[in-house]
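Observations on the model geometry
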Amino acid sequence: MEIQKDVLYVGVNDRKIDLFEGMYLVPNGIAYNSYVILDEKIAVFDSVDAVFEKEWLQNIENVLNGRQPDYLIVQHMEPDHSASIVAFTEKYPEAKVVSSAKAFVMMQNYFSQNFAGKQIIVGDGSSLTLGHHQLTFVAAPMVHWPEVMMTYDETAKILFSADAFGKFGTLDADEDWACEARRYYFGIVGKYGAQVQTLLKKLSSCEVQTICPLHGPVLKENLRYYLDLYNTWSSYGVESEGVLIAYTSVYGNTKKAVEFLAEKLKEKGCEKIVLNDLARMDMAEAVEDGFRYGKIVLATTTYNGEIFPFMREFIHNLTERNYQNRTVAFIENGSWAPVATRVMQGMLEKCKNLQYTTATVKILSAMTEENKAQIEALAEELCKDINAEKQEGGKKTMAKYVCNICGWTYDEEVGMPEKGIPAGTKFEDLPEDFKCELCLVTKENFTKEE
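My aim in this report is to walk through the structure given alongside it, one point at a time. Predicted, not measured: the structure shown is a model, and the values here were computed from it. (Residues numbered from 1 in each chain as written. Predicted model: local features only at pLDDT ≥ 70, side-chain atom pairs only at ≥ 80, totals over all residues. Heavy atoms only, no water.)

**What to know about the nonpolar core**
Counting residues in hydrophobic clusters, the biggest one holds 109 residues, and the most contacted among them are Phe20, Met107, Leu298 and Phe314. With 8 residues, helix α5 (residues 177-189) is the single largest residue contributor to this core. Sequence-distant contacts of Phe314, that is, excluding residues within four places in its chain, are made with Leu244, Ala246, Leu278, Met283, Ala286, Val287, Ile296 and Leu298. Listed in part, the 22 residues of the second largest apolar core include Val243, Leu261, Ala299 and Ile331. (Core = buried A, V, L, I, M, F, W, Y, C linked by side-chain atoms within 4.5 Å. Buried < 20%, exposed > 50% of the residue type's maximum accessible area, 1.4 Å probe, protein only. Helix = DSSP H or I, 4+ residues; strand = E, 2+ residues; numbered from the N terminus. Contact = heavy atoms within 4.5 Å.)

**Examining helix α7 (residues 223-234)**
For α7, with 12 residues, the first-to-last C-alpha span of 16 Å sits near the 16 Å given by 1.5 Å per residue. Buried within α7 are the following residues: Leu223, Tyr226, Asp228, Leu229, Tyr230, Asn231, Thr232, Trp233 and Ser234. Where α7 is buried, its residues touch α5, α6 (193-203), β16 (210-212) and β25 (409-411). One or two positions beyond α7, positive phi appears at Tyr236, with a value near 60°. (Expected span 1.5 Å × (residues − 1).)

**A word on the sheet that holds strand β24 (residues 400-403)**
If you trace the 3 strands from one edge of the open sheet to the other, you get β25-β24-β26, paired in antiparallel fashion. The strands lining the two open edges of the sheet, one partner per strand, are β25 and β26 (446-448). Taken pair by pair, the neighbouring strands of this sheet meet at an average axis angle of 25°, ignoring direction. When β24 meets β26, the two strands line up antiparallel, connected through 3 bridges. Paired with Val402 across the bridge in β26 is Thr447. (Pairing = 2+ DSSP bridges. Axes fitted to C-alpha atoms, helices over the stretch in contact; angles between N-to-C directions.)

**A closer look at the environment of Pro141**
Within the element layout of this structure, Pro141 appears in the loop between β13 (134-139) and β14 (149-153). Expressed as a C-alpha distance, the spacing of Pro141 and Glu267, which sit 126 residues apart in the sequence, is 47 Å.

**Remarks on the packing of α6 against α7**
Following both chains from N to C, one finds α6 and α7 inclined at 145°, their axes separated by 8 Å at the closest point. α7 is crossed by α6, and the crossing has left-handed handedness. Here Gly193, Ala194, Val196, Gln197 and Leu200 of α6 lie close against α7, whose contacting residues are Leu227, Tyr230, Asn231 and Ser234. In terms of residue class, the contact of α6 with α7 is made up of 5 nonpolar, 4 polar and no charged. (Left-handed = near helix turned anticlockwise from the far one by under 90°. Nonpolar A, V, L, I, M, F, W, Y, C, P; charged D, E, K, R; others polar.)

**Re the environment of Phe104**
Within the secondary structure, Phe104 is located in helix α4 (residues 101-111). The buried category is assigned to Phe104, whose relative accessible area is 3%. In this structure, the C-alpha to C-alpha distance between Phe104 and Ala286, residues 182 residues apart in sequence, is 37 Å.

**Some thoughts on the packing of aromatic side chains**
Taken as a whole, this structure holds 34 aromatic pairs when the rule is applied. Between Trp177 and Tyr226, the ring centres sit 4.6 Å apart and the planes meet at 75°, which makes this aromatic pair edge-to-face. Of this pair, Trp177 sits in helix α5 while Tyr226 sits in helix α7; the two residues are 49 residues apart in sequence, bridging distant segments of the chain. Take Tyr226: its relative accessible area is 14%, and that puts it in the buried class. Taken together, the ring pairs connect Phe165, Trp177, Tyr185, Phe186, Tyr225, Tyr226, Tyr230, Trp233, Tyr236, Phe291 and Tyr323 into an aromatic cluster. One residue, Lys372, lies across the ring of Phe260, its end atom 5.7 Å from the ring centre. The ring of Phe427 has Lys443 lying over it, and the distance from NZ or CZ to the ring centre is 5.6 Å. (Phe/Tyr/Trp six-rings, centres within 6.5 Å; stacked < 30°, edge-to-face > 60°. Lys NZ or Arg CZ within 6 Å of the ring centre and 35° of its normal.)

Given below as structure tokens:
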């Protein structure tokens, strides 16, 4: 596959894998991407999983037309991208291995050798000339391993982005990019939002026209869409307004309660309501939704003096990934000594900028009329911002403002909760010292998106 005239794809599709990293369901498989730049000198970007070693080497040979590669650029040392390095160096013994110092330490760990006679150690800002193509290396520690680096091809305006901007699924999977990219991001990278934010700031000075990740499709069109999503995800902002109801139910009574809540939310004007039965769905999908929506209701039973195991696992997955900037409500059920709300809130106590509803629901075995009234009050509180807009004569029109310097976008609907700017804050209401998230210019350098 040709990406540009002299930039080619030589990766592989894995259609047999069932669990990625031993835990993530991948019904549409996954791609292990690798690229070649054909210039005066030839560079190969990253290897593939050991199962596909021969196929990958054949793909490389097919595009070289008898030439020999000069460099293997290793951006990331996870085995799905590094397991075939030794085979490459055996087939092409004259090629140099280009990578970060930390990556060479990991090569020693994995392969009992660090290619000492072939090493080219690069760091943040280091460059490599292939002839026409000029490469600059960008350190990206903890996105999502410490040795990670990316490569910017200044000539072709291509960012070889390592695992960033990747997704589950083979290259030919017919599915929405954002859904599987979001699940991939929050499952694998989500804990490291601050590091992704640092990376985005670094990249703001690069004129990127194509993104070549190590998983998923090459991205060429509407790059602002992908960059804005990554900015929202890594800043723990709200991507979609709505209410996620995550629940577990042993005998169906808690399920009846959350279904009643969903009905009341709909009656009160909430347009997006998501019900997730944590015991019966992919946990990674549930975690993805937890970070997507601005409001979450956690409903579970007291179980062994604690909470139901699937709810504990769900909350652990949220907190492990720095869950923050959300509105949280609780529904607890227990036939005696209910403690679920206390346990759930205790698990969330170190999370930043969580707002808890004043309305609470405590069910003692089965839902009563009193519980229905509590649920009605909870629905009213969760929908109060929607009702306020209706009283003002309709939903406020939210706009986006684009930085004239770097292209970063301020979305009024999303706001910047991590900076203390709530979702729905109009651009004109931003503080006078507001600056672009990426290039730090002031408000007068923004233009409203038409």
